[in-house]
Amino acid sequence: MRADSLLIVALSLAAGPLVTVAPAATLFAFVIALVLALDRVRARVLLLAVVAFAAGGFGAHFALTGFHARWHETRTVLHEPTRCAAVARVISSPTRHGDRTSFLAELSELECEGHVVGDLIARLHTEQRDLHRGDRLAVIAQLAPVELFRNRELPDPTPGAARRRATASGPALAAERVARGRGLPAWIDAARNRARQAIDRAFAPAAAPLARALVLGESDLAPEDDRAFRESGLSHLLAVSGTHLVFAVASLIGALTALLVRIERLAARIDAGRIAAAIGVPVALAYADFAGGSGSAWRAAWMLAASYTVRAAGRHPLPERTLAVSLIAGVCADPLLPFDVSFLLSAAATVGLVVLGRPFGELCAKVQNRALRFVAASVATTLSAMIPCAPLLALMSPDQTLAGVVANGFAAPIGEAVALPVCLLHPLVSAVPGLGRGVALVGSGALLWVRFVAHLGASAKWAAFPVPAPTAWHLAVLALAVVGAWFRRPRWASLLAGATAFAVVEVAAIRAGHPRDQLRITLLDVGQGDALLIDLPDGSLMLVDGGGAVGGPIDPGARVIAPVLRARRREQVDVVVLSHPHPDHFGGLAGALERVRVGELWDNGQGEREGAGPAYRALLASLRQRGTRVLRPAELCGHRRFGAATVAVLAPCPDFVPGRDGNDNSIVLALSLGQRRALLLGDAEREEEAELVARQPGALAADFVKLGHHGSRTSSSPALLAAAHPTHVGISCGLRNRFGHPHAETLSALRTRGIHTLRTDRNGAAFWLTDGRDVKVGVSVARAD
């Protein structure tokens, strides 16, 4: 089999798992790719590609099915955050996050609040530092199911969660080691601990997290540093990549070769390079484990191991073939590896260097001036790696920056030629006080320079330009354009056809995100909180509440709402409604609205007059500074037209009730289009519900009701349900909520009335859509978990 043939099979194997999350786009792209290759590739190779594609798809399907079953079982036994006692066996290399250690644990002998629970795998966080794989701990932990934010417009989070393996997570409140781990993994973790401690002791405080990222693959950067590296396009300098492994392992094997050559008897009988290459295979794999075991580290390790295997056999390794072997080995070892972004970026960059590096290098060789030729070669190498990564980077960030090319030119030489070797050398010499401190000083200086360039590049806002979030169809079209240019001549025809198809897909994405002549209400899955997007018939967009992290570090505005707005190609939210000033309703608004224009904010005014904390005040100040009109009940009560739809503010009218709890001062909205109506209750409880029923029962009739207070027993009174008489209700609540929402009494009342219930904790995001006559309902998860 030719090298190109092996690469075709490897790429087919790596593409197969994608069919589990985007079946139509993936199958379409694969079939058309086969058609394009029909008269260019042997039939046997195409048949093997089909088999590899199917194998990759089935492997991923079985892995996801198994994870989903375990996650569902965990949700069944852990209804809410629960204190549990267990014996925990450490099964992943512990990593540092701030002042805590995080690790994956296999829990057995699990007892949760008096109930014996089956074994499960959980992500635990503890202050204990000296942990290794294989250690057994007696732990008391506060456990809850892993939260998956499942929203239709966003990538499916399940494959990533399945790769991480944990179905529950939480802090270890107490942990006592009862047995130490043995074997190579424990030894590697002990070496990681020593390297971590040496870095923290010797490196400058601002440089230490960068050094740990470079040496150990830990993501523990300060938020401002993390953002700067992402926005400047320099994140790869801190990643454990192919360059990283080649430098670390190849340097070691090169030194070993030089040593073996000096042993005359051995060198006379056998090629010392082949012996060193054979040793390099396990060294490469062990080093990938030491460096954090990310997808990119393992891909580079497999590629390096393949190269050394070929060299040990006395053959010359070809880049295309070793890349193919690394892909095959990686996907066979982990069927969900193609869902690891670091793996995809590493593979894409390598493909770019292999495919584009040579023609770009030939162009640079024609430059006569030596200095300009060096600069051109540096830029060409950066572009070779960045071009294939651009679609993947667009998935991760709403902006791309031209400053990244310049920043790489200034930072990469120092990062790769100084920071990387010095940081890798430091663990080896840290035991020698003077030498270790000197190496750390040089490493700190190099890393702080790279950090400075990252912040400088990120500050160049003028060089940044927004990019839309690519859909599966965008990526399929791009892949086909590349395949067409590879197999067909003239290449420009394939690229032109790809650009045309890309534009058609983009127009379709814009239209899908801007529906007209319809009323669409989407309950976003933001965990324990409320966030609803309302598409109005005239094209206007309304956001009702923004969720908020209740007892957790996740910002649902930045994590969910802003990406959904980006996926819908929405640059403006015409109306933001804050139903009431509680953190689980306004906590995510700042992150959600950072990059979009806001026309109006509807607010009940209670937070400003009675106080709702600094976050609320900062939100209002920011919106006012940006020119947003802030409207209060006196201006809102009554009806407003949005095209053919009517939006009525029913409460609190004419103003909020002073001294009353914010829930019962919630802004209540009634929306109507044609024959259909919807009622949004915020967190209204029995007191406000009773007032609504008494004052305007006829205005409460609705086909769809977003229930008050997350399905609490304190809301959804019999009188309210009788007055509204809905066919569908929505409940916005999170898996990890400690309040027990939705309460059994509410669910029982809904079942008794035959009302169909949409729950974000079970169905993910859900939508209710009408054209004024017909109604359509949809969810992210068709079958409630």
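Described below are features of the structure shown in this document. Model, not experiment: these values are computed from the prediction.

## Side note on the side chain of Thr 158
Residue position: Thr 158 is located in helix α4 (residues 158-164). Exposure remark for Thr 158: the relative accessible area of 14% places this residue in the buried category. With residues up to four places along the chain from it excluded, the contact list for Thr 158 reads Leu 64, Phe 67 and Leu 148.

## Details of the nonpolar core
One broad rule of soluble globular proteins: the nonpolar side chains tend to lie buried together. If you look at the biggest cluster of nonpolar residues, it comprises 52 residues, and the most contacted ones within it are Phe 203, Phe 229, Leu 234, Leu 245, Tyr 287, Phe 290 and Leu 447. Residue assignment for this core shows that the elements contributing at least two residues are α5 (184-202), α6 (208-216), α7 (223-232), α8 (242-261), α10 (272-290), α11 (295-312), α16 (403-429) and α17 (433-459). Not counting residues within four places of it along the chain, the set of residues in contact with Phe 229 comprises Leu 210, Leu 221, Leu 234, Ser 235, Leu 238, Val 450, Arg 451 and Ala 454. With 28 residues, the next largest nonpolar core counts Ile 521, Met 542, Val 647 and Leu 673 among its residues.

## Brief notes about the sheet that holds strand β23 (residues 766-770)
Sheet architecture is open: eight strands sit in the order β15-β14-β13-β12-β11-β10-β23-β24, paired in mixed fashion. Unpaired on one side and paired on the other, β15 (629-631) and β24 (775-779) mark the two borders of the sheet. Taken pair by pair, the neighbouring strands of this sheet meet at an average axis angle of 15°, ignoring direction. Note: strand β10 (residues 519-523) against β23, five bridges, orientation antiparallel.

## Examining the sheet that holds strand β22 (residues 756-759)
With mixed pairing, seven strands are arranged side by side in an open sheet as β16-β17-β18-β19-β20-β21-β22. Looking at which strands have only one partner, the edges of the open sheet turn out to be β16 (638-642) and β22. Averaged over neighbouring strand pairs, the angle between their axes works out to 20° when direction is ignored. Taken together, the five bridges between strand β18 (residues 668-673) and strand β19 (residues 676-680) define a ladder with antiparallel strand orientation.

## Concerning the layout of surface pockets
Computed from the structure, the second largest pocket encloses a volume of approximately 710 Å³. Lining the second largest pocket are 23 residues, with Leu 252, Tyr 287, Phe 290, Leu 424 and Leu 428 positioned closest to its centre. Sorting the residues of the lining of the second largest pocket by element identifies α5, α8, α10 and α16 as the ones contributing at least two each. With seven residues, α5 is the single largest residue contributor to the lining of the second largest pocket. Residue composition of the lining of the second largest pocket, by class: 20 nonpolar, two polar and one charged.

## Some details on helix α12 (residues 319-333)
Taking 1.5 Å per residue, 15 residues should reach 21 Å; α12 reaches 21 Å between its end C-alpha atoms and fits that length. Listing the buried residues of α12 in full gives Thr 322, Leu 323, Ala 324, Ser 326, Leu 327, Ala 329, Gly 330 and Val 331.

## Digging into unusual backbone geometry
Cis geometry marks the peptide bond from Arg 489 to Pro 490; its omega dihedral reads -5°. Position of Pro 490 among the secondary structure elements: in the loop between α18 (472-487) and α19 (491-513). Here the residue pair Cys 653 and Pro 654 is connected by a cis peptide bond, since its omega of 5° sits within 30 degrees of zero. Within the fold, Pro 654 resides in the loop between β17 (645-651) and β18. Positive phi outside glycine occurs at Asp 545, with the angle close to 70°. Inspection of the secondary structure puts Asp 545 in the loop between β12 (541-544) and α20 (556-567). The class of Asp 545 is buried, set by a relative accessible area of 1%.

## So, the packing of α5 against α6
Following both chains from N to C, one finds α5 and α6 inclined at 155°, their axes separated by 9 Å at the closest point. By the criterion of interaxial angle, the relationship of α5 to α6 is roughly antiparallel. The interaxial crossing formed by α5 with α6 has right-handed handedness. Residues Arg 192, Ala 195, Arg 196, Ile 199 and Asp 200 of α5 pack against Ala 208, Ala 211, Arg 212, Val 215 and Leu 216 of α6. A breakdown of the residues in the contact of α5 with α6 according to their chemical character gives six nonpolar, no polar and four charged.

## Regarding a nonpolar patch on the surface
A cluster of nonpolar side chains, contributed by Phe 374, Val 375, Val 379, Leu 383 and Ile 387, occupies part of the molecular surface with about 420 Å² of accessible area. With respect to the helices and strands, Val 375 occurs in helix α15 (residues 370-396). When its relative accessible area of 47% is taken as the criterion, Val 375 is described as partly exposed.

## Considerations on the pattern of salt bridges
Going through the model one piece at a time under the given rule, you end up with 42 salt bridges. Here Arg 568 ties to Asp 535 by a salt bridge, and the two come within 2.8 Å at their closest N and O atoms. Highlighted residues: Arg 568 in the loop between α20 and β13 (572-578) and Asp 535 in strand β11 (residues 532-535), separated in sequence by 33 residues. With a relative accessible area of 2%, Arg 568 lands in the buried category. Classification of Asp 535 as buried rests on a relative accessible area of 0%. Counted as one network, the salt bridges with shared partners bring together Arg 96, Arg 192, Arg 196, Asp 200, Arg 212, Glu 218 and Asp 220.

## Some remarks on α6
Among the nine residues of α6, nine are classified as buried, and the element is accordingly described as predominantly covered. Taken as a whole, α6 has its buried residues at Ala 208, Pro 209, Leu 210, Ala 211, Arg 212, Ala 213, Leu 214, Val 215 and Leu 216. Once α6 ends, the next one or two residues include Gly 217, with phi positive near 70°.

## Details of the packing of aromatic side chains
Per the stated rule, a full pass over the model turns up eight aromatic pairs. The interplanar angle of 35° and the centroid separation of 5.9 Å between the aromatic rings of Tyr 287 and Phe 290 together place this pair among those described as tilted. One end of the pair is Tyr 287 and the other is Phe 290, both in helix α10 and three residues apart, which spans about a single turn. Note on accessibility: Tyr 287 and Phe 290 belong to one class, buried. Plain terms: the ring middles of Phe 586 and Tyr 616 are 5.9 Å apart, the flat faces sit at 65° to each other, and that makes the pair edge-to-face.

The rules behind the values
- Residues numbered from 1 in each chain as written.
- Predicted model: local features only at pLDDT ≥ 70, side-chain atom pairs only at ≥ 80, totals over all residues.
- Heavy atoms only, no water.
- Helix = DSSP H or I, 4+ residues; strand = E, 2+ residues; numbered from the N terminus.
- Buried < 20%, exposed > 50% of the residue type's maximum accessible area, 1.4 Å probe, protein only.
- Contact = heavy atoms within 4.5 Å.
- Core = buried A, V, L, I, M, F, W, Y, C linked by side-chain atoms within 4.5 Å.
- Pairing = 2+ DSSP bridges.
- Axes fitted to C-alpha atoms, helices over the stretch in contact; angles between N-to-C directions.
- 1 Å grid on protein atoms, 1.4 Å probe; cavity = no way out; pocket = protein on both sides within 12 Å on 5 of 7 lines; lining within 4 Å.
- Points joined across faces, edges and corners; volume = space filled by probe spheres on them.
- Nonpolar A, V, L, I, M, F, W, Y, C, P; charged D, E, K, R; others polar.
- Expected span 1.5 Å × (residues − 1).
- Parallel < 35°, antiparallel > 145°, perpendicular 65-115°, else oblique.
- Left-handed = near helix turned anticlockwise from the far one by under 90°.
- Patch = residues over 30% accessible without salt bridge, like charges linked within 9 Å, V, L, I, M, F, W, Y side chains within 5 Å.
- Areas by Shrake-Rupley, 256 points an atom, 1.4 Å probe, with all protein chains shown as cover.
- Salt bridge = Lys/Arg side-chain N within 4 Å of Asp/Glu carboxyl O.
- Phe/Tyr/Trp six-rings, centres within 6.5 Å; stacked < 30°, edge-to-face > 60°.

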